[in-house]
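Each chain, written out:
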Amino acid sequence: MNWDWEKLQDKRQRQFGSGPDFKGLGDEFKRLSEFNFNIPGGPKVIFIIVALLWLASGIYIVEPGEVGVVKRFGAYDRTTGPGPHYHIPFPVESVLKPKVSEVQKIEVGYVTAGMKQDGSFQYRGVPEEALMLTGDDNIVDVQFIVQFQIGDPVEWLFRLQRPVPTVKAAAEAAMREVIGNKTIDSVLTSGKLEIQNTTKELLQSILDRYNSGVTVVAVQLQDVHAPKDVMEAFKDVASAMEDKDRFINEAESYANDILPKARGQAASVLNDAQAYRESVVRKAQGEASRFLAMLAEYNKAKDITHDRLFIEAMEEIFSNPDLEKIIMSDEALKHAVPYLPLDRQGRVKSGDKGGK
Amino acid sequence: MRSLVIVIGSLLLSAIVAMQCVYTVDETQQAILLQLGKPVSETLGPGLHFKLPFIQNVVLIDSRVISYEASSAEVLTKEKKTLVVDNYAKWRIIDPLQFYQTLRTVERAKARLDDLIYAEVRVAIGSYSMKEVVSSRRAEIMAVVTSNVNETVKPYGLQIMDVRVKRTDLPPQNEKAIFGRMRSERERQAKLYRSEGLEESAKIKSTADKERTILLADANKASETLRGQGDADATRVYSEALGQSPEFYGFMRSLEAYRKSLHDNSRVVLTPGSGFLKYLK
């Protein structure tokens, strides 16, 4: 580039330094005007008007976001910023006004097919651009855009034939090279940012090599997914991961359900046992003190208390009218014993009686 | 009137002559000057130039970087796998005279490059494996092709700036196979996730069950111990108290037992004179 540039500058100096062309033109002008003076009336006025118009055609305005690139006899001469400017009119100088601030966009892997009625855009995939091989022999569907600006208007205008398709082809090559070094999982998940950055750098270096004058603003992945043919399987992996989490959550909720219940049950078992212990001990203590109290009185008058207690108990027992009592002498008893109906008859009879 | 015709005529004539003497070369071009078909100048850059009218003519040649895009073609890799490769090349004319003498037009140059690059790409890719072509050594392959082609095109006055492999795809039938493999890989993975989930779930559930069982067993153990302690304490309390008069306890306890056991549906045979009926004799 450098040598090229210097050569051009050199040549320009050689050719325009003395400016022979202007003198030549000036002479012709003079001759023409002298000639016109001899014709009376209108032609002279017409000539002046034409000359003024011709001079006025050199005025040009550079809009914001543009630069004016002036060529003199086809060779690049100067670059001017926004605002009004003047160039020597045709055929000496001409001006080109590339929009250097405008960010241009190139779509790879899809095209914007148009706008739907609700104002959203409609896209159509271009599989032959989008399908790329990854480093682990898988295929991904990658759709991305490249945003770029004209970084160097002179290079942009003069150094490269068809710069926009060049950017697209280079972007595709760069992206494929980068994707070719990745595994499908990193392309589909975590590696996106890195892919964007690497591709941007690679693309910029490729475009610099062509002296394209293009500055890559951004490479942005739009939609990166598994190819249509295997999409279902990929989605199923995602839902399998969800299923896994679900199974674990369900198990944990089961554990959360039964363990506190079990702890409660254990506590209640322990409390029951404690209650049992306390109650049997207290019962024993109560009965013991009752016994001791009675014993104290019993010791004071053993025989009478013994008899009293015995008689009271018997009275209580035998006063029950439902208790069948048979009183027989020892003699009778001796004879009667074998005939005592010691079967269940009496019970049944008395049971019947009781039932009525 | 006559003088006017002469003036206009001479003006037209001088304009034609001037146009024959002067020419411009655009910033995107370079030029060589031919005098009756023989080159008489070195390469001319952009700007205004002069030549002799009628006997010299100028040939304008593009000085920009020109693209050449090859259509995609199937190429065999080292391990005889087929890849569909398409590439593009960026080149420019650095010696317009040589270019003009050998190729003359950009179209012919493209046709020539097509042959050359196609052959070079084939050779280069044929000495690498598919994996290398697709990923690790792509840049290297392209550099080799670029420099090889550059050597070959030097006599044509061309310079190859870059040969770049754009797409490296598999033929459709291989693609099908890859899709099949990708699908089965994913299915395997999905299955793994699900069964890992079930494994984890079974572990958690059974651990919980185990903890519950142990918890309850511990509680039962403690409970039996407590009950035993209670029974022991009670027994001790009883024996301490009752031990003070075993015969009174026997008597009392017997009475109570009589009360409880002798009631409805019992038949008692009594003999007068004994115990309770001793006065009945």
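What counts as what
Residues numbered from 1 in each chain as written. Chains lettered and ligands numbered in written order. Predicted model: local features only at pLDDT ≥ 70, side-chain atom pairs only at ≥ 80, totals over all residues. Heavy atoms only, no water. Buried < 20%, exposed > 50% of the residue type's maximum accessible area, 1.4 Å probe, protein only. Helix = DSSP H or I, 4+ residues; strand = E, 2+ residues; numbered from the N terminus. Pairing = 2+ DSSP bridges. Phe/Tyr/Trp six-rings, centres within 6.5 Å; stacked < 30°, edge-to-face > 60°. Lys NZ or Arg CZ within 6 Å of the ring centre and 35° of its normal. Axes fitted to C-alpha atoms, helices over the stretch in contact; angles between N-to-C directions. Parallel < 35°, antiparallel > 145°, perpendicular 65-115°, else oblique. Contact = heavy atoms within 4.5 Å. Nonpolar A, V, L, I, M, F, W, Y, C, P; charged D, E, K, R; others polar. Buried area = accessible area lost by both parts, 1.4 Å probe. Salt bridge = Lys/Arg side-chain N within 4 Å of Asp/Glu carboxyl O. Polar contact = N/O pair within 3.5 Å; in protein donor to acceptor, adjacent residues only side chain to side chain. Patch = residues over 30% accessible without salt bridge, like charges linked within 9 Å, V, L, I, M, F, W, Y side chains within 5 Å. Areas by Shrake-Rupley, 256 points an atom, 1.4 Å probe, with all protein chains shown as cover. Left-handed = near helix turned anticlockwise from the far one by under 90°.

Student: Explain the pairing of strand β8 (residues 82–93) of chain B to me, please; I cannot follow it from the model alone.
Tutor: A regular strand places its side chains on the two faces of the sheet in alternate fashion. Residue and element names in this part refer to chain B. Where burial is concerned, most of β8 is hidden: 11 out of the 12 residues are buried. Note: strand β6 (residues 66–69) against β8, 4 bridges, orientation antiparallel. Looking across to β8, one finds that S67 is bridged to K90. Here 4 bridges tie strand β7 (residues 73–76) to β8, and the two strands are oriented antiparallel to one another. Looking at the pairing, E74 lines up with V84 of β8. Pairing of β8 with strand β9 (residues 158–169), which is carried by 10 bridges, proceeds in the antiparallel orientation. If you follow D86 over to β9, its bridge partner there is R167.

Student: I keep staring at the packing of aromatic side chains and nothing clicks. Help me out?
Tutor: Centre-to-centre distance and the angle between the planes together describe a pair of aromatic rings. The final tally for this structure, using the stated rule, is 6 aromatic pairs over all chains. Each ring, one from A:F291 and one from B:Y249, has its centre 5.8 Å from the other, and the planes form 75 degrees; the classification is edge-to-face. Of the two residues, A:F291 is situated in helix α9 (residues 231–300) and B:Y249 in helix α7 (residues 246–261); the pairing between them involves two chains. You can call A:F291 buried: its relative accessible area is 7%. B:Y249 gets classed as partly exposed once you look at its relative accessible area, which sits at 30%. One aromatic cluster is present, built from ring pairs that chain together A:F291, A:Y298, B:F248 and B:Y249. It is B:R104 that lies over the ring of B:Y100; its NZ or CZ is 4.4 Å from the centre.

Student: Where do I start with the packing of α9(A) against helix α10 (residues 302–318) of chain A in this structure?
Tutor: For any two helices packed against each other, the geometry comes down to the angle between their axes and how far apart the axes lie. Residue and element names in this part refer to chain A. Put simply, α9 and α10 touch, their axes get as near as 5 Å, and they point 120 degrees apart. Taken together, α9 and α10 sit at an angle that is classed as oblique. Between α9 and α10, the residues in contact are E297, Y298, N299 and K300 and K302, T305 and H306, respectively. Across the contact of α9 with α10, the residue classes tally to 1 nonpolar, 3 polar and 3 charged.

Student: How should the interface of chain A and chain B be read in this particular structure?
Tutor: Interface extent is often summarised as the accessible area lost during association of the parts. With 115 residues of chain A in contact, the opposing surface of chain B contributes 108 residues. Both faces combined, the contact of chain A with chain B buries some 10300 Å², and carbon together with sulfur accounts for 65% of it. Taken together, chain A and chain B are joined by 11 salt bridges. A salt bridge links B:R164 to A:E177, with the shortest nitrogen-to-oxygen separation between them at 3.6 Å. For the pair chain A and chain B, the interface holds 25 residue pairs in polar contact (both at pLDDT 80 or more). In terms of residue count, α9(A) provides more of the side of chain A that touches chain B than any other element does, 40 residues in total. Residues of the side of chain A that touches chain B, tallied by class, amount to 63 nonpolar, 20 polar and 32 charged. Pairing of strand β12 (residues 324–327) of chain A with strand β10 (residues 267–270) of chain B, which is carried by 4 bridges, proceeds in the parallel orientation. By the bridge assignment, A:K325 is partnered in β10(B) with B:V268.

Student: How do you make sense of the pattern of salt bridges when you look at a structure like this?
Tutor: Two side chains carrying opposite charge are able to pair once their charged atoms lie near each other. Under the defined criterion, the tally for this structure stands at 40 salt bridges over all chains. A:E129 is the salt-bridge partner of A:K168, the closest N and O atoms lying 3.1 Å from each other. Of this pair, A:K168 sits in helix α6 (residues 163–179) while A:E129 is found in helix α4 (residues 127–130), placing the two residues 39 residues apart along the sequence. Relative accessible area serves as the criterion here: at 10%, A:E129 is assigned to the buried category. A single salt-bridge network, built from bridges that share partners, covers A:D236, A:D243, A:R246, A:E250 and B:R194.

Student: Could you clarify how one ought to interpret a nonpolar patch on the surface in this entry?
Tutor: All names here are of chain A. Among the surface-exposed residues, I48, L52, L55, I59 and Y86 lie close enough to one another that they form a single nonpolar patch of about 490 Å² accessible area. Considering every element that reaches the nonpolar patch, the biggest residue donor is helix α3 (residues 42–56), with 3 residues. Within the secondary structure, L55 is located in helix α3.

Student: So what exactly am I meant to see when it comes to the sheet that holds strand β5 (residues 93–96) of chain A here?
Tutor: Hydrogen bonding along the main chain pairs the strands of a sheet, whether they run parallel or antiparallel. All names here are of chain A. With respect to topology, 3 strands assemble into an open sheet ordered β3-β2-β5, the strand pairing being antiparallel. Sheet topology places β3 (75–80) and β5 at the edges, where each strand pairs with a single neighbour. Neighbour to neighbour, the strand axes of the sheet diverge by 30 degrees on average, direction disregarded. Looking at chain direction, strand β2 (residues 68–72) and β3 are connected through 5 bridges and run antiparallel. When the bridges of β3 are listed, R72 appears paired with A75.

Student: Could you clarify how one ought to interpret the pairing of strand β7 (residues 110–115) of chain A in this entry?
Tutor: All names here are of chain A. Where β7 and strand β8 (residues 121–125) come together, 5 bridges link them in antiparallel fashion. Opposite M115, over in β8, you have F121 as the bridge partner. The antiparallel hairpin formed by β7 and β8 contains 5 residues in its connecting segment, where G119 sits at a positive phi of about 95 degrees.

Student: Hey, could you run me through the packing of α10(A) against α7(B) in this one?
Tutor: Between α10(A) and α7(B), whose axes approach to 9 Å, the crossing angle comes to 15 degrees. One element, α10(A), and the other, α7(B), form an angle in the roughly parallel class. Handedness of the crossing formed by α10(A) with α7(B): left-handed. Contact residues: A:K302, A:H306, A:L309, A:F310, A:A313, A:M314, A:E316 and A:I317 in α10(A); B:E247, B:F248, B:F251, B:M252, B:L255, B:Y258 and B:R259 in α7(B).

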